[in-house]
Amino acid sequence: MSILKVARMGHPVLRAKARTVDKSELKHATVQHFIDSMIDTMHEYSGVGLAAPQVHEGLRIFVAMLDADGRGEGDAVAFVNPEITPVGDQVVEGWEGCLSIPEIRGRVPRAQHVKITALDRHGKRFELELKDFPARVVQHETDHLDGVLFFDRMQSFESLTYLEEYSRYHTRHGDDEDE
């Protein structure tokens, strides 16, 4: 596999709506190689999720680590053509960062509990119900497929901080529940 170049905020690919992937495309070795390279790239940059537009491909695919504590342990899951439905109406604000906006964190409101339906990397349909951090990850990555960045979801920019200040001032005070 290979490490892919990550698009940074300002690149037009991050603001474009990604196209639906036809199930037959998933049989191609190039698409499977691309998914493996996305996983390798996510790990290389210590991310917990990565969407195809972030690596310059306008496809409705993302990969994510779904462990509840956000440490990126376990196997990465590929989501193709995901559809998210909130479960209940509880919205929680939590810290988010993004590989396309390096070194910046901010507090973003998200549904606490979601149902996500998608195809796996082999074209098999699956459904998951996720809460808390894993729910936040899939919402963040699905936003990328629609050209939405986490800044767009913030209610206020007062919480924006560089990673160094986030580590210094916010993780000590119990505010690090999502990262």
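Look up: the structure comes first, before these words.
Note that the structure is a prediction, hence the values are computed from the model and not measured. (Residues numbered from 1 in each chain as written. Predicted model: local features only at pLDDT ≥ 70, side-chain atom pairs only at ≥ 80, totals over all residues. Heavy atoms only, no water.)

Chemist: Help me understand unusual backbone geometry, please; the structure alone is not making it clear to me.
Modeler: Generally, phi is negative for residues other than glycine and the peptide bonds are trans, each holding for most cases. The residue serine 46 is not glycine, and still its phi comes out positive at about 55 degrees. Considering the arrangement of structural elements, one finds serine 46 in the loop between α1 (29-44) and β1 (49-51). Of note in the backbone geometry, aspartate 132 takes a positive phi value of approximately 55 degrees without being a glycine. Relative to the helices and strands, aspartate 132 resides in helix α2 (residues 132-145). Under the relative-accessibility criterion, aspartate 132 is labelled partly exposed at 42%. (Helix = DSSP H or I, 4+ residues; strand = E, 2+ residues; numbered from the N terminus. Buried < 20%, exposed > 50% of the residue type's maximum accessible area, 1.4 Å probe, protein only.)

Chemist: Which parts of the structure should I look at to understand the sheet that holds strand β2 (residues 61-64)?
Modeler: Consider a sheet: its strands pair through backbone hydrogen bonds, and that pairing is either parallel or antiparallel. The strand order across the open sheet formed by five strands is β1-β2-β3-β6-β7, and the pairing between neighbours is antiparallel. Both edges of this open sheet fall to β1 and β7 (125-131), since each of them pairs with a single strand only. Between one strand and the next, the sheet's axes are offset by a mean angle of 40 degrees, whatever the strand orientation. The pairing of β1 with β2 spans three bridges and is classified as antiparallel. Each residue of the ladder has a partner; that of alanine 51, found in β2, is phenylalanine 62. In the packing of α2 onto the sheet, the strands contacted are β1, β2, β3 (77-86), β6 (113-119) and β7, and the crossing angle to β7 comes to about 125 degrees. (Pairing = 2+ DSSP bridges. Axes fitted to C-alpha atoms, helices over the stretch in contact; angles between N-to-C directions. Contact = heavy atoms within 4.5 Å.)

Chemist: Help me understand the side chain of glutamine 139 in this model?
Modeler: Relative to the helices and strands, glutamine 139 resides in helix α2. Here alanine 135 takes part through its backbone oxygen, which lies 2.9 Å from a polar atom of the side chain of glutamine 139. Every residue in contact with glutamine 139, bar those within four places of it in the chain, is listed here: Ile84, Arg110, Ala111 and Val114. (Polar contact = N/O pair within 3.5 Å; in protein donor to acceptor, adjacent residues only side chain to side chain.)

Chemist: Looking at this model, I keep getting lost on α1. Mind explaining?
Modeler: Three or four residues apart is the spacing at which side chains of an α-helix point the same way, because the helix has 3.6 residues per turn. Between its terminal C-alpha atoms α1 stretches 22 Å, which fits the 22 Å expected from 16 residues at 1.5 Å a residue. For α1, the full list of buried residues reads Val31, Gln32, Phe34, Ile35, Ser37, Met38, Ile39, Thr41 and Met42. Buried residues along α1 sit in contact with β1, β2 and β3. (Expected span 1.5 Å × (residues − 1).)

Chemist: How should I be thinking about the nonpolar core in this particular structure?
Modeler: Generally speaking, a soluble globular protein has its nonpolar side chains buried in company with each other. Residues Phe34, Ile35, Met38, Val55, Ile61 and Val63 are the most contacted members of the largest nonpolar core, which totals 20 residues. The set of elements that each furnish at least two residues to this core consists of α1, β2 and β3. Here this core takes six residues from α1, the largest share from any one element. Every residue in contact with isoleucine 61, bar those within four places of it in the chain, is listed here: Val21, Ile35, Met38, Ala51, Ala52, Phe79, Val80 and Leu145. (Core = buried A, V, L, I, M, F, W, Y, C linked by side-chain atoms within 4.5 Å.)

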